[in-house]
Amino acid sequence: MKRLKWIGLTGMMILSLWTGFAEEVKSCQAEPLPFSTVSLYRSEEELDTLMRDQKEVKLLFTGDMMFHMPQIEGARLPGGADYDFTRSFEAISDIVSQADLAIANLETTLSGDRLPYRGYPQFNTPDQAASAIKAAGFDVLITANNHSVDGGKRGLERTLDVLDSLGFSHTGTKRPEEEAVLIAEVKGIRIAMINGTYGLNGLESYLTPEERVTMIRMIGDGERITAEIEAVRPLVDYLVVLPHWGNEYQRQPSSKQRRLADKWLEAGADAIIGSHPHVIQPMMVNEEGHLIAYSLGNAISNQRERPGKPAYWQFTEDGVLLQVTLVKDPWTGQTDLGRVSAIPTHVERKWNGEKWSHRIVPAIPEDEETGVSWQRTADQVKGQPDQGNLSEIVMNV
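Residues numbered from 1 in each chain as written. Predicted model: local features only at pLDDT ≥ 70, side-chain atom pairs only at ≥ 80, totals over all residues. Heavy atoms only, no water.

Student: Looking at this structure, how should I read the overall build of the chain?
Tutor: Along its length, the chain carries 12 helices and 15 strands. The buried share of the chain, reckoned over its 397 residues, is 56%. Sequence separation of at least 24 residues holds for 70% of the intrachain contacts in the chain that already meet a minimum separation of 6. When the accessible surface of the chain is split by element, carbon and sulfur atoms take 50% of a total near 16,600 Å². (Helix = DSSP H or I, 4+ residues; strand = E, 2+ residues; numbered from the N terminus. Buried < 20%, exposed > 50% of the residue type's maximum accessible area, 1.4 Å probe, protein only. Contact = heavy atoms within 4.5 Å. Areas by Shrake-Rupley, 256 points an atom, 1.4 Å probe, with all protein chains shown as cover.)

So, in structure tokens, the structure goes:
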């Protein structure tokens, strides 16, 4: 099989298909086999060349980064004129920095102080939040979501200006003259990223009909993204679609999400990694080797289970750091999925007597506060047995 041949060429063999976690993962960790025992049909010289020349890239994806007013107030420094969001990301920065390319969904605008800083329903976050995200090790922010024009056209443009000034790459929203698809070349592997949104919360009129084409990617019926996949596919080694889609707070993908994922994979996408529901939806590697993660949940926000909120808000405390390793064969030029692992995260929210403090922390199964987030994420990483999809995603503990 193609997958087994490729696994052999990279010098690894996954000895079991991971369909369960918690107890199993502690005792059934797959061990890499010696390279030569897997690829005996190659000469020693060829094996030495492959091991020396094969290219490997580590990607990391996480979900929705939102900043509600309790977070903004919590980051305000004494004197009230400056903000520091560093603590929000300090517990994950070592993990993020290990990736060659780290990607997150920026679900807010950086519209500046011409508008008041605010959370839901029309977000405007201090620039220092983006500075903290950058300092944590993130490289790419996707910007097409239902809050992209919360600050109007000027807010959209200023958000891009701030991201550019901080050295971020970005995709989803853009200036009219810029390329629509972001292509990053990392260690000789060319990776395309296509981000679009289902809508703009009724604020579409903030952009002209032309600007809704040239400044943001709307998903619509999916045909625009399909055409972009087909156009860029010959130019890249790996192609990721990052849709902002689905129904909020629903832990299973909608029928439209499934249809669009199938459409884009058939057109040539290698991975579908979604956002917007604010809860984690199933993640899996299907039989064709495509990675599908319908929603990565909230990376950080003020949403959580508390009195007066619906019961399903408990799941908004859960996020994930999705680690993806790509490997490119130096002879065939083919790039394949190497390893996928999911590190569950939890949004820690603490009151210090004066204000709230929010922090993304890795979830630990034995921990009283974060263990429930770990288990809920494990439940979703299993995938969906009724689809016949066997997940090869390994839960980190």
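Next, the rest of the story.
Student: Explain the pairing of strand β2 (residues 101–106) here, please?
Tutor: Regular strands show a simple pattern: their side chains alternate between the two faces of the sheet. Burial of β2 is extensive: six of the six residues sit out of reach of the surface. Relative to β2, strand β1 (residues 55–65) runs parallel, the two sharing five bridges. Counterpart to F61 in the pairing with β2 is I103. Across three bridges, the pairing between β2 and strand β3 (residues 140–142) is parallel. Across the sheet, residue A104 finds its bridge partner in β3, namely L141. Since β2 and β3 lie parallel, the crossover through helix α7 (residues 127–135) that links them has a hand, and here it is right-handed. (Pairing = 2+ DSSP bridges. Right-handed = clockwise from strand over helix to strand, strands pointing away.)

Student: In this structure, what is going on with the pattern of salt bridges? I would like to understand it.
Tutor: Pairing is possible between side chains of opposite charge, provided their charged atoms come close. Using the criterion set out here, one finds 20 salt bridges in the structure. We note a salt bridge from R87 to E90, for which the minimum N-O separation is 4.0 Å. The partly exposed category is assigned to R87, whose relative accessible area is 35%. Exposure remark for E90: the relative accessible area of 41% places this residue in the partly exposed category. One network of salt bridges, with partners in common, ties together R87, E90, E348 and R359. (Salt bridge = Lys/Arg side-chain N within 4 Å of Asp/Glu carboxyl O.)

Student: It is not clear to me how the packing of α7 against helix α8 (residues 152–166) should be interpreted in this structure. Could you clarify?
Tutor: To characterise two packed helices, one gives the angle between the axes of the helices and the distance between these axes. One can describe the packing of α7 onto α8 by two numbers: an axis separation of 10 Å at closest approach and a directional angle of 40°. As for the relative orientation of α7 and α8, their crossing is right-handed in sense. In this structure, α7 uses D127, A130, S131 and K134 to contact α8, whose residues at the interface are R158, V162, L163 and L166. A per-class count over the contact of α7 with α8 returns four nonpolar, one polar and three charged. (Axes fitted to C-alpha atoms, helices over the stretch in contact; angles between N-to-C directions. Left-handed = near helix turned anticlockwise from the far one by under 90°. Nonpolar A, V, L, I, M, F, W, Y, C, P; charged D, E, K, R; others polar.)

Student: Sorry if this is basic, but what is going on with helix α12 (residues 371–381) here?
Tutor: Given 3.6 residues to a turn, an α-helix orients residues that are three or four positions apart in the same direction. For α12, the tally of buried residues reaches eight of 11 residues, placing the bulk of the element in the interior. Those residues of α12 not exposed but buried are G371, S373, W374, R376, T377, A378, Q380 and V381.

Student: Help me understand the confidence of the model for the chain in this model?
Tutor: As a note on interpretation, predicted positions should not be read in detail where pLDDT is low. Averaged over every residue, the pLDDT of the chain is 84; residues scoring 70 or more account for 83%. This stretch, residues 383–397, has a pLDDT under 50; its non-local contacts, to residues over four places away or in other chains, come to 66 contacts. (pLDDT = per-residue confidence, 0-100.)

Student: Explanation requested: the side chain of D150 in the structure shown.
Tutor: Turning to its location among the elements, D150 is positioned in the loop between β3 and α8. An unpaired buried charge is present at D150: no salt bridge exists, and R118, the closest side chain of opposite charge, is 6.7 Å distant. One polar contact links D150 to H147, side chain to side chain, over a distance of 2.7 Å. With near-sequence residues (within four places) excluded, D150 lies in contact with T109, R118, P121, Q122, F123, L203 and Y206. (Lys, Arg positive; Asp, Glu negative; His and termini not counted. Polar contact = N/O pair within 3.5 Å; in protein donor to acceptor, adjacent residues only side chain to side chain.)

Student: Would you mind going over the pairing of strand β14 (residues 356–362) with me for this structure?
Tutor: With five of seven residues buried, β14 is to be regarded as a mostly interior element. Sheet topology note: the strand β13 (residues 335–351)/β14 ladder contains seven bridges and is antiparallel. Paired with T345 across the two strands is P362, which belongs to β14. In this antiparallel pair of consecutive strands, β13 and β14, the connection spans four residues, and G353 shows a positive phi of 100°.

Student: Mind showing me how you'd approach the sheet that holds strand β8 (residues 271–273) here?
Tutor: By definition, the strands of a sheet pair up through backbone hydrogen bonds, in either a parallel or an antiparallel sense. Read across the open sheet, the six strands follow the order β5-β6-β7-β8-β10-β9; overall the sheet is mixed. In this open sheet, the two edge strands, each paired with only one partner strand, are β5 (182–186) and β9 (283–285). Direction aside, the axes of adjacent strands within the sheet are offset by 20° on average. Across the face of the sheet, helix α11 (residues 255–267) comes into contact with β7 (238–244), β8 and β10 (291–293) while running at roughly 150° to β8.

Student: What should I look at first to understand the environment of N302 in this one?
Tutor: Position of N302 among the secondary structure elements: in the loop between β11 (298–300) and β12 (318–328). For N302, a relative accessible area of 6% corresponds to the buried category. Once the C-alpha coordinates of N302 and Q71 are considered, the two residues, 231 residues apart in sequence, prove to be 6.9 Å apart. Within the local environment of N302, its side chain forms a polar contact with the side chain of R349, the two groups lying 2.8 Å apart.

Student: Honestly, α11 in this entry has me stumped. Any pointers?
Tutor: Over its 13 residues, α11 runs 18 Å from end to end, which matches the ideal 18 Å to within 8%, given 1.5 Å per residue. Buried residues along α11 sit against α10 (223–232), β7, β8 and β10. Among the residues trailing α11, G268 stands out with phi positive, at a value near 130°. (Expected span 1.5 Å × (residues − 1).)

Student: How should the packing of aromatic side chains be read in this particular structure?
Tutor: Two descriptors summarise a pair of aromatic rings, namely the distance from one centre to the other and the angle between the planes of the rings. Applying the stated rule across the entire model yields six aromatic pairs. Judged by centre distance (5.5 Å) and plane angle (80°), the ring pair of F67 and F85 falls under edge-to-face. Of this pair, F67 sits in the loop between β1 and α5 (69–75) while F85 sits in the loop between α5 and α6 (93–97), and the two are 18 residues apart along the sequence. Each of the two residues, F67 as well as F85, counts as buried. By way of ring pairs, the aromatic residues F67, Y83, F85 and Y117 are connected into one cluster. (Phe/Tyr/Trp six-rings, centres within 6.5 Å; stacked < 30°, edge-to-face > 60°.)

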